[in-house]
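Remarks on the overall topology
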Amino acid sequence: MSGQHARLSASSAHRWLRCAGSVKLAEGAPASTSIHAATGTYAHDIAAKCAARNASPLLWLGARQEVDGHEVCCDQEMVDSVRLYLDAIAADVQADDRSWTEMPLQLPLSQIDPDLGGTADYVRYRPSAKHLRVMDFKYGAGMYVEADDNTQMKIYALGALLAVGEPAEIIEMVIVQPRFEGAKPVRSYSCKAVELLDFIADIKDAAAKTRDPQAETMLEPGDWCKFCKASAGCPALEAKQHALLAVEFGLVPSYTKLAQALSIIPLVKARISAIEELAYTEAAAGRFGEEYGYKLVDKRPTRKWKSEDAVVEWAQA
């Protein structure tokens, strides 16, 4: 879930740890949020309320809310996903545990860097085992989130360790991603607490680079561009787009050129997606419309079967 207001959010660490210039570039970019991100925000909000109040997500079934300019509905899939997250929390509970929902981490993380912040979805500390567990609820279905050596989770773990202020030997970082098909919805990665200490130096170095006066020249495109709000106007991505257009294939293709082109395509797709989201945001705000040949129209809703077995059962009936 998105954390407290901080220049360097733990949720975007995968990006700014690798692309120092993206931080300053994004600060001047217009805000735009996709319907998918808005839906994830709503699911997180419901999950947090359920965890804090020991409530059932069924209480929100059918409820609608406007999130970042999008109307989002809590459907059965959202209810089931939140319930799975709550079940993962409940399955781990022991009598001596201490736990926190939506733990604010900006203050403890500021001990590492003043610009660093975030919020951990759920934290559990077990004194008897000196075991710290940090959980993150991922509602997205489009991109698999790896639990092993996850930079965002390691920053959450460091912040939680500092916030709890108790000795810990083992840190467990858990990703709960119910909607990504073909993968275990709950997956974890554990390490010794001392192993996280080396990571602090990496964070400090990357954070310092984002404040460099020449930071905007330190642009490094990668898979992190997909979630960068500066993607639409990023000169490094624009250069990649020009490079893709410049690749020429003869009757007998050069496989070196083919490999080069294929490596650029995901980056160009990220820029196209960012431009489309920017256009939607500006149109929804009434600043971009028919005078330019575009307008917002109602989307025709479609339904599809999630299970082939369900299709067979329905057809036979």
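Above this text sits the structure in question.
These remarks concern the structure in this document. As the structure is a prediction and not an experimental result, all values here were calculated from the model.

A word on the overall build of the protein
Helix and strand content of the protein: 10 helices and 9 strands. For 317 residues, the compact-globule estimate of 2.2 N^0.38 gives 20 Å, and the C-alpha radius of gyration of the protein, at 22 Å, lies within 12% of that figure. By the burial criterion, 40% of the 317 residues in the protein qualify as buried. Looking at the protein alone, contacts between residues at least 24 apart form 67% of all its contacts between residues at least 6 apart. Computing the positive centroid from 35 side-chain charges and the negative centroid from 43, the protein places the two 1 Å apart.

As for a nonpolar patch on the surface
Where nonpolar side chains cluster on the molecular surface, the patch consists of Phe249, Tyr255, Leu258, Leu262 and Ile265 and spans about 500 Å² of accessible area. You can see phenylalanine 249 is positioned in the loop between helix H8 (235-246) and helix H9 (255-284).

A look at the packing of helix H6 (residues 151-164) against helix H7 (residues 197-210)
Packed helix pairs are specified by the crossing angle of their axes together with the interaxial distance, meaning the distance between the axes. It is the contact of H6 with H7, at a shortest axis distance of 11 Å, that shows an interaxial angle of 110 degrees. With respect to H7, the element H6 is oriented roughly perpendicular. Contacts between H6 and H7 involve Thr151, Lys154, Ile155 and Leu158 from the former and Phe199, Ile200 and Ile203 from the latter. A per-class count over the contact of H6 with H7 returns 5 nonpolar, 1 polar and 1 charged.

Focus: the pairing of strand S2 (residues 64-67)
Two strands pair when backbone bridges link them, and S2 and strand S3 (residues 70-73) are joined in this way by 4 bridges, in the antiparallel orientation. Its bridge partner lying in S3, valine 67 is registered against histidine 70. Linkage of S2 to S3, two consecutive antiparallel strands, is achieved through a turn of 2 residues, within which aspartate 68 is found at a positive phi near 50 degrees.

So, how was this worked out
- Residues numbered from 1 in each chain as written.
- Predicted model: local features only at pLDDT ≥ 70, side-chain atom pairs only at ≥ 80, totals over all residues.
- Heavy atoms only, no water.
- Helix = DSSP H or I, 4+ residues; strand = E, 2+ residues; numbered from the N terminus.
- Rg over C-alpha atoms; globule rule 2.2 N^0.38 Å.
- Buried < 20%, exposed > 50% of the residue type's maximum accessible area, 1.4 Å probe, protein only.
- Contact = heavy atoms within 4.5 Å.
- Lys, Arg positive; Asp, Glu negative; His and termini not counted.
- Charge placed at Lys NZ, Arg CZ, Asp CG, Glu CD.
- Patch = residues over 30% accessible without salt bridge, like charges linked within 9 Å, V, L, I, M, F, W, Y side chains within 5 Å.
- Areas by Shrake-Rupley, 256 points an atom, 1.4 Å probe, with all protein chains shown as cover.
- Salt bridge = Lys/Arg side-chain N within 4 Å of Asp/Glu carboxyl O.
- Axes fitted to C-alpha atoms, helices over the stretch in contact; angles between N-to-C directions.
- Parallel < 35°, antiparallel > 145°, perpendicular 65-115°, else oblique.
- Nonpolar A, V, L, I, M, F, W, Y, C, P; charged D, E, K, R; others polar.
- Pairing = 2+ DSSP bridges.

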